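One letter stands for each residue in the lines below.
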Amino acid sequence: MSKKKDNARPQTLGLLVEFDDQDVLLKACEAVRDAGLTKTDAHVPFPVHGIDEALGIRKTILPWIVLAMGLTGGISGLAMQYVLNATEQPGALFSGYPYLISGKPTFSLPANIPVTFELTILLAAFGAFFGMLILNQLPTFSNPLFRHRNFARATNDRFFLVLNAADPKFKLHKHREMLEAFSPLAIDEIEADPSSNQIPTIFKYAAIIFLSLLTVPPMLVWNARNTTSPLPRLHPILDMDDQVKAKTQTTSPIFADGRAMRPRVPGSVARGEWRPLEFLTGIVPEGAETSDVAFLQEEEKAETPEDEAKPAEEKPADEKPAADAAAPAEDLPPEPDWVTQFPATLEINTTLIERGRQRFNIYCAVCHGLAGDGNGLVSIRAFELQQPTWVQPTNLHDPNVVKQPVGRVFNTITNGIRKMPGYAAQIDPEDRWAIVLYLKALQKSRDASIQDVPQIEADALKGQGN
């Protein structure tokens, strides 16, 4: 009958000793340590200096676990890259595949450092996290200390010493008597939770179902690898492999012109690219009508079917940009209000003129010549070949061109005139204005009078007898 009574009593897990003074706690800890107990712990409301030494707590081995895991990760990463990239084992289950890229070595330590470093950090982090859990015997879903009536005061004004009954040298009555010598507030036995530790049946069935479901993906993979199917393979993660989009230079049934690529919306201005209309057109704006003209000039000029049907020889060779004013006046629309001064946003200086000279020599001189006489290399060659459709480029020193306002010259470079195409797509507005500035300087260099020369230089010329 006595044995049956003992089985009904909860298991004793240890002793919980309660103090109200930290110095007494330290003395009790030292006594427990000197008694040879090692499975002990203390719970205090604030850090108590010397309590680790009093309990005889040794330093944790967690840093060594982290070091070992880090070294394992680094060595594994380096070895994996060597085996997979620098060796080949035909017939092996996991064979490497040396892949030569631009003559680079298949194994190079600097190139393998990133992966090695990442695996080192990854495994070291795993070692720190899981090592901490294992050393602290976590997770623990229930702690018998939490059922003690006063243990919550460990965060307030009480100091607790715990002796674990699992310690081989633990003697319940012996150590109780030893600790009573320190006059604690209480010495209580820690009893195991009397509730059942059996897992509820529903959780068992749920675990069985979950584990069964985990076998489905590998079975599907195994079936896919060992069978053939006329259907496309499963692609659960699409990423950006398959996108609903129209690729460049393709057709589309959505738009009337059948083109997938869409032209820029007339009048659209890129963020931060807005410029005054007179800066972009060379025309003084006069309300919405001028704005429409400016925007329409930016539209893409698509060739009509009639244009495409013209034979190649009827399309004259392109003439390079420059001003030209020889068109019959009766066929031209009314002249707009051309800009007569350079935009205020431009800083007129020698740097801008030099920029204009460079752009002029690149885009204009091949037809108009370096001096602007209309005798560029392309024109000379065309006349040598007796090209029937070639037209002599305009002499930029012609009086009709010289008297043109700067806005009209800019507009001619932008949109072209007669057989000369527009260069808006090749030359940005700032460079077009730089070309206009250089062209005006080029014209004035030949037609300037003595009044246009600065007084100091005019005096110098007079001194030289010119």
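All figures in this text were calculated on a predicted structure; none of them were measured in a lab. (Residues numbered from 1 in each chain as written. Predicted model: local features only at pLDDT ≥ 70, side-chain atom pairs only at ≥ 80, totals over all residues. Heavy atoms only, no water.)

Points about the overall build of the chain
The condition that has to hold: In this text, helices come from DSSP runs of H or I with a minimum length of four residues, and strands from runs of E with a minimum of two, each type numbered from the N-terminal end. Only protein chains enter the calculation, and the probe is 1.4 Å; a residue is then buried if its accessible area is under 20% of its type maximum, exposed if over 50%, and partly exposed in between. Each accessible area value is a Shrake-Rupley result obtained with a 1.4 Å probe; residue values ignore everything except the protein chains displayed when judging cover.
Each helix and strand counted, the chain has 18 helices and six strands in total. Counting the 466 residues in the chain, one finds 27% classified as buried. Looking at the chain as shown, the accessible area adds up to about 32800 Å², and 60% of this sits on carbon and sulfur atoms.

Focus on the nonpolar core
Stated precisely, the cut-off is as follows: For our purposes a nonpolar core is just a set of buried Ala, Val, Leu, Ile, Met, Phe, Trp, Tyr and Cys residues, chained together by side-chain atoms within 4.5 Å.
Counting residues in each nonpolar core, the largest one holds 24 residues, and the members touching the most others are Phe360, Ile413, Trp433, Ile435 and Val436. Contributing elements (two or more residues each) for this core: helix 12 (350–363), helix 16 (406–415) and helix 17 (429–447). Counting residues per element, this core draws most heavily on helix 17, which supplies eight residues. One finds Leu25, Leu26, Val48 and Phe159 within the second-largest nonpolar core, a separate group that totals 21 residues.

Here we look at unusual backbone geometry
With omega at 0°, the peptide bond leading from Leu138 into Pro139 counts as cis. Note on placement: Pro139 falls in the loop between helix 5 (109–135) and strand 3 (159–164). Non-glycine residue Gln137 carries a positive phi angle of around 55°. Along the chain, Gln137 turns up in the loop between helix 5 and strand 3. Its relative accessible area of 66% is what places Gln137 among the exposed residues. For Ser183, which is not glycine, the phi dihedral falls at a positive 50°. Overall, Ser183 belongs to the exposed group, its relative accessible area being 61%.

Describing the packing of helix 7 (residues 201–214) against helix 8 (residues 216–225)
Stated formally: Note on geometry: axes are lines fitted to C-alpha atoms, helical ones only across the stretch in contact, with angles between N-to-C directions running from 0 to 180 degrees. An angle counts as roughly parallel when it lies under 35 degrees, as roughly antiparallel when it exceeds 145, as roughly perpendicular when it falls between 65 and 115, and as oblique in every other case. Throughout, a residue-residue contact means that at least one pair of heavy atoms, one from each residue, lies within 4.5 Å. As a working rule, the residues Ala, Val, Leu, Ile, Met, Phe, Trp, Tyr, Cys and Pro are called nonpolar, Asp, Glu, Lys and Arg charged, and the rest polar, with Gly in that last group.
The interhelical angle for the contact between helix 7 and helix 8, taken along N-to-C directions, is 20°, at an axis separation of 4 Å. Here helix 8 runs roughly parallel to helix 7, going by the angle between their axes. Contacts from Ser212, Leu213 and Leu214 of helix 7 reach helix 8 at Val216, Pro217 and Pro218. Tallied by class, the residues present in the contact of helix 7 with helix 8 amount to five nonpolar, one polar and no charged.

Things to note about the confidence of the model for the chain
To keep it simple, the criterion reads: As a per-residue measure, pLDDT tells how confident the predictor is, with possible values from 0 to 100.
For the chain, per-residue confidence averages 85 on the pLDDT scale, and 88% of positions sit at 70 or higher. Here helix 11 (residues 305–309) stands out as the element of the chain with the lowest mean pLDDT, 41, in contrast to helix 5, whose mean of 96 is the highest. Contacts for the low-pLDDT stretch residues 296–319, under 50 throughout, to residues beyond four places or in other chains number 31 contacts. Here residues 321–329 scores under 50 on pLDDT; set against residues more than four positions off or in separate chains, the count is 30 contacts.

Focus on the sheet that holds strand 3
Convention followed: In this analysis, strands are considered paired if DSSP registers two or more bridges between them.
Read across the sheet, four strands follow the order 2-3-1-4 without closing on themselves; strand pairing throughout is antiparallel. With one partner strand each, in any of the chains shown, strand 2 (40–43) and strand 4 (186–191) form the two edges of the open sheet. The average angle at which neighbouring strand axes cross in this sheet is 20°, direction not considered. Note that strand 1 (residues 12–19) and strand 3 share six bridges and pair antiparallel. The residue of strand 3 that forms the bridge with Leu15 is Leu163. In the packing of helix 2 (residues 22–34) onto the sheet, the strands contacted are strand 1, strand 2 and strand 3, and the crossing angle to strand 3 comes to about 15°.

Remarks on the environment of Glu278
In this structure, Glu278 sits in helix 9 (residues 277–281). According to the relative accessible area criterion, Glu278 is partly exposed, its value standing at 31%. It is 8.0 Å that separates the C-alpha atoms of Glu278 and Gly407, two residues lying 129 residues apart in sequence.

Describing the side chain of Arg432
What counts, and what does not: Only four residue types enter the tally: Lys and Arg on the positive side, Asp and Glu on the negative side, with His and both chain ends excluded. Every case where a carboxyl oxygen of Asp or Glu lies within 4 Å of a side-chain nitrogen of Lys or Arg is listed as a salt bridge. Within 3.5 Å is the distance limit for a polar contact, defined as a pair of N or O atoms, with the added protein rule that one can donate a hydrogen and the other accept it, and that residues adjacent in sequence qualify only through two side-chain atoms.
Take Arg432: it is sitting in helix 17. One buried charged residue, Arg432, forms no salt bridge at all, with the nearest opposite charge on Asp428 at 6.3 Å. Polar side-chain contacts of Arg432 include one of 2.8 Å to the side chain of Thr414. Residues within four places of Arg432 in sequence aside, it is in contact with Leu280, Phe410, Ile413, Thr414, Tyr423, Ala424 and Ile427.

With respect to the pairing of strand 3
The element strand 3 is extensively covered by neighbouring structure, given that five of its six residues are classed as buried. Sheet analysis places strand 2 next to strand 3, joined by four bridges and oriented antiparallel. Looking across to strand 3, one finds that His43 is bridged to Phe160.

Some points on a nonpolar patch on the surface
Selection rule: Only residues above 30% relative accessible area that lack a salt bridge enter a patch, with like-charged residues linked at up to 9 Å and the nonpolar side chains Val, Leu, Ile, Met, Phe, Trp and Tyr linked at up to 5 Å.
On the surface, a nonpolar cluster with roughly 660 Å² of combined accessible area is contributed by Leu122, Phe126, Phe129, Phe130, Met132, Ile134 and Leu138. Tracing the sequence through the fold places Ile134 in helix 5.

Topic: the pattern of salt bridges
As a working rule, side chains carrying opposite charge can pair if their charged atoms are close by. Scanning all chains against the criterion turns up 14 salt bridges. We note a salt bridge from Asp34 to Arg33, for which the minimum N-O separation is 3.3 Å. Judged by relative accessible area, which is 60%, Asp34 ranks as exposed. Its salt-bridge partner being Glu354, residue Arg357 comes within 2.6 Å of it at the nearest N-O pair.

Things to note about helix 7
For clarity, the cut-off: Here the expected span of a helix is defined as 1.5 Å times the quantity of residues minus one.
The terminal C-alpha atoms of helix 7, which comprises 14 residues, lie 20 Å apart, in line with the 20 Å expected from a rise of 1.5 Å per residue. Taking burial as the measure, the 14 residues of helix 7 include zero buried ones, a minor fraction of the element.

A short note on the packing of aromatic side chains
Our working definition: When two rings of Phe, Tyr or Trp (its six-membered ring) have centres within 6.5 Å they constitute a pair, described as stacked for plane angles under 30 degrees, edge-to-face for angles over 60, and tilted for the intermediate range. Charge-over-ring placement is defined geometrically: NZ (Lys) or CZ (Arg) within 6 Å of the ring centre, and within 35 degrees of the ring normal.
Evaluation of the coordinates by the stated rule reveals twelve aromatic pairs. When the ring of Phe342 is compared with that of Trp433, the centres are 5.9 Å apart and the planes differ by 70°; the resulting orientation is edge-to-face. With a gap of 91 residues between them, Phe342 in the loop between helix 11 and helix 12 and Trp433 in helix 17 connect regions that are remote in the sequence. Judged by its relative accessible area of 22%, Phe342 falls in the partly exposed class. The buried category is assigned to Trp433, whose relative accessible area is 0%. Here the guanidinium or amino end of Arg262 rests over the ring plane of Phe255, the centre of that ring lying 3.9 Å away.

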